[in-house]
Amino acid sequence: MKKVILQFCLGILFGPTFYCQNYFEKRNIKEFMDKTNAYQLANPWSEYDDNWIRGTYYIGVMACYLATEDEAYLNQCNDLCESLKWTLPAIPPDNGGSGGNLLTCGQIMIESYMVSKKKYKIKNIISHLENPEIKNPISNPREWYWEGGRRFVDGLFTGPPALAMLYKVTKDEKYLQWMETYVWDVYGKLYDTEENLFYRDKRYFPENVEQRKNDPHREGNMQLTASGKKVIWSRGNGWAIAGIARILEYLPKEHASYKRYEQLLQRMAQALKECQSEEGFWYPNLADPDDVHLKETSGTSFFLYGLAYGVNNGLLDKDEFTPVIRKGWKSVCDAVSAEGKVQWGQLVGDRPINLSADDSHEYVTGTFLLAASEIYKMNLKNE
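Every value quoted in this text rests on a predicted model; they were computed, and no experiment measured them. (Residues numbered from 1 in each chain as written. Predicted model: local features only at pLDDT ≥ 70, side-chain atom pairs only at ≥ 80, totals over all residues. Heavy atoms only, no water.)

Some details on the overall build of the chain
A count of helical and extended segments in the chain gives 15 helices and 2 strands. Counting the 383 residues in the chain, one finds 60% classified as buried. Within the chain, contacts between residues at least 6 apart in sequence are counted, and of these 71% link residues at least 24 apart. (Helix = DSSP H or I, 4+ residues; strand = E, 2+ residues; numbered from the N terminus. Buried < 20%, exposed > 50% of the residue type's maximum accessible area, 1.4 Å probe, protein only. Contact = heavy atoms within 4.5 Å.)

Structure representation (structure tokens):
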């Protein structure tokens, strides 16, 4: 912790100098990691959080440890897990919350277990998944991962990777069975096979739009933009491609569904390549850039993570996607303030909305750190 605070102070003093340096040098990527992480650590959104917001931030921190082997990141993650007593939130099943979201911090705990195998790190996660008083695959197998009574694409990041990780460390097939049901149910209901991208939830799927226009119970213009185009949320698809990448990281290649996940990542990658802006970032609505014509860093960073993972693991063509990644990485680095704040990150929501340069959050920093961790491995330099 002292090391992180020291890095933060040095970043404030010397921060502007590295903006003139190459964005792709490993040492500069590491400096971006340190600077943004230190800023976020010193500026938490809440004193205590054990759910998806802080979980997403710390998933990025752990990814930086796994990429760089800098133990300051690992120690920071272990400190969080200690503060949570290596336990997930116990939210009652009738509150409308998602059982999938509750697994977000569990990903950090399981990855810590992989580094140092101490059973207390995962004992409570396993108990959590079998607790009859919590929404989980045992108590509510058909809907435990729903939010507010509906499937939602965000959950592809928060829940399934934890189940893939649990299989890796326990070899218990039930975790993969639960993961398969979760992912492909959400895919079947929310994936647009024409766009090769996901809708955030069923409210945005443009079925029977004409009949819905006069529905007094409609929640605003959920299916079409003002110009008549689809509403395909950038960060929603960021949750999806990042979640798929993390599943592929821990799913055995010989598993019957591995190729299916690989192909999904590849299809999404091609679709995302087509909607990247000239400046390098992605707009909040992937189907209609004029809907919210502003840069947005959380979706962009998630995409960079998924694309870089694909290149690093031979799933995407390096020559085709490296230019996309380079352009995108520069765009998000340019959005980092001198203090280390990852700006232009859409606040908590479920659709494309207006935002400003000042907008950010812990999960926005987490997405940036995830992107940094995979781009660090690419070793692009000045290629």
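Examining the packing of helix H13 (residues 297-312) against helix H14 (residues 318-333)
Here H13 crosses H14 at 150 degrees, and the two axes come no closer than 10 Å. Considered as vectors, H13 and H14 are oriented roughly antiparallel to each other. Crossing of H13 over H14 shows left-handed handedness. Residue-level inspection shows Thr-297, Thr-300, Ser-301, Leu-304, Leu-307, Ala-308 and Val-311 of H13 in contact with H14, the latter providing Lys-318, Phe-321, Thr-322, Val-324, Ile-325, Gly-328, Trp-329, Ser-331 and Val-332. The residue inventory of the contact of H13 with H14, partitioned by class, reads 9 nonpolar, 6 polar and 1 charged. (Axes fitted to C-alpha atoms, helices over the stretch in contact; angles between N-to-C directions. Parallel < 35°, antiparallel > 145°, perpendicular 65-115°, else oblique. Left-handed = near helix turned anticlockwise from the far one by under 90°. Nonpolar A, V, L, I, M, F, W, Y, C, P; charged D, E, K, R; others polar.)

Let's talk about the nonpolar core
One recurring pattern in soluble globular proteins: nonpolar side chains tend to sit buried together. By size, the foremost hydrophobic cluster in this structure holds 116 residues, and its most contacted members are Phe-198 and Trp-329. Take this core: its biggest share by element is 11 residues, from helix H3 (residues 52-68). Among residues more than four places away in sequence, those in contact with Phe-198 are Val-153, Leu-156, Val-186, Tyr-187, Leu-190, Tyr-191, Ile-232, Asn-237, Ala-240, Leu-264 and Met-268. (Core = buried A, V, L, I, M, F, W, Y, C linked by side-chain atoms within 4.5 Å.)

Considerations on unusual backbone geometry
Phi is positive for Asn-196, close to 55 degrees, though the residue is something other than glycine. Counting through the fold element by element, Asn-196 comes out in the loop between strand E1 (191-192) and strand E2 (197-198). Of the residues examined, Asn-196 reaches a relative accessible area of 21% and is grouped as partly exposed. Of note, Asn-379 is a non-glycine position whose phi angle comes to about 55 degrees, a positive value. Topologically, Asn-379 is positioned in the segment after helix H15 (362-378). Judged by its relative accessible area of 30%, Asn-379 falls in the partly exposed class.

Some thoughts on the environment of Gln-223
Its location among the elements puts Gln-223 in the loop between helix H10 (209-212) and helix H11 (234-250). Note: C-alpha distance between Gln-223 and Glu-207 (16 residues apart in sequence) is 8.1 Å. In this structure the side chain of Gln-223 is engaged in a polar contact, spanning 2.4 Å, whose partner is the backbone oxygen of Arg-203. (Polar contact = N/O pair within 3.5 Å; in protein donor to acceptor, adjacent residues only side chain to side chain.)

Looking at the side chain of Gln-76
Relative to the helices and strands, Gln-76 resides in helix H4 (residues 71-83). Since its relative accessible area comes to 3%, Gln-76 is described here as buried. Polar contacts involving the side chain of Gln-76 include one to the side chain of Tyr-57, which spans 3.2 Å.

Concerning the side chain of Ser-234
Along the chain, Ser-234 turns up in helix H11. Assessed through its relative accessible area of 1%, Ser-234 is described here as buried.

Remarks on the packing of aromatic side chains
We describe a pair of aromatic rings using the distance from one ring centre to the other and the angle between the two ring planes. Scanning the model with the defined rule gives 24 aromatic pairs in all. Pairing Tyr-23 with Phe-24 gives two aromatic rings, centres 6.4 Å apart and planes at 65 degrees, and the pair type is edge-to-face. Here Tyr-23 matches Phe-24 in class, with each residue buried. Seen in terms of ring centroids, Trp-144 and Tyr-182 are 5.3 Å apart; in terms of plane orientation they differ by 85 degrees. Their pairing is edge-to-face. Of this pair, Trp-144 sits in the loop between helix H6 (120-128) and helix H7 (155-158) while Tyr-182 sits in helix H9 (residues 173-190), and the two are 38 residues apart along the sequence. Grouping residues by exposure puts Trp-144 and Tyr-182 together as buried. Here the aromatic cluster, defined as three or more aromatic residues joined through ring pairs, consists of Tyr-23, Phe-24, Phe-32, Trp-329 and Phe-368. Taking NZ or CZ as reference, Arg-260 lies 3.7 Å from the ring centre of Trp-184, over its face. Of note, Lys-273 hangs over the ring of Phe-321, and the distance from its end group to the ring centre comes to 5.9 Å. (Phe/Tyr/Trp six-rings, centres within 6.5 Å; stacked < 30°, edge-to-face > 60°. Lys NZ or Arg CZ within 6 Å of the ring centre and 35° of its normal.)

Side note on the confidence of the model for the chain
Detailed reading of predicted coordinates is not advised where the pLDDT is low. Looking at the chain, the pLDDT average stands at 92 and 89% of residues meet or exceed 70. Confidence drops under pLDDT 50 across residues 7-18; counting only partners more than four residues distant or on other chains, this segment forms 16 contacts. (pLDDT = per-residue confidence, 0-100.)

Here we look at H11
Its 17 residues place the ends of H11 25 Å apart at the C-alpha level, agreeing with the 24 Å of an ideal helix rising 1.5 Å per residue. Where burial is concerned, most of H11 is hidden: 16 out of the 17 residues are buried. (Expected span 1.5 Å × (residues − 1).)

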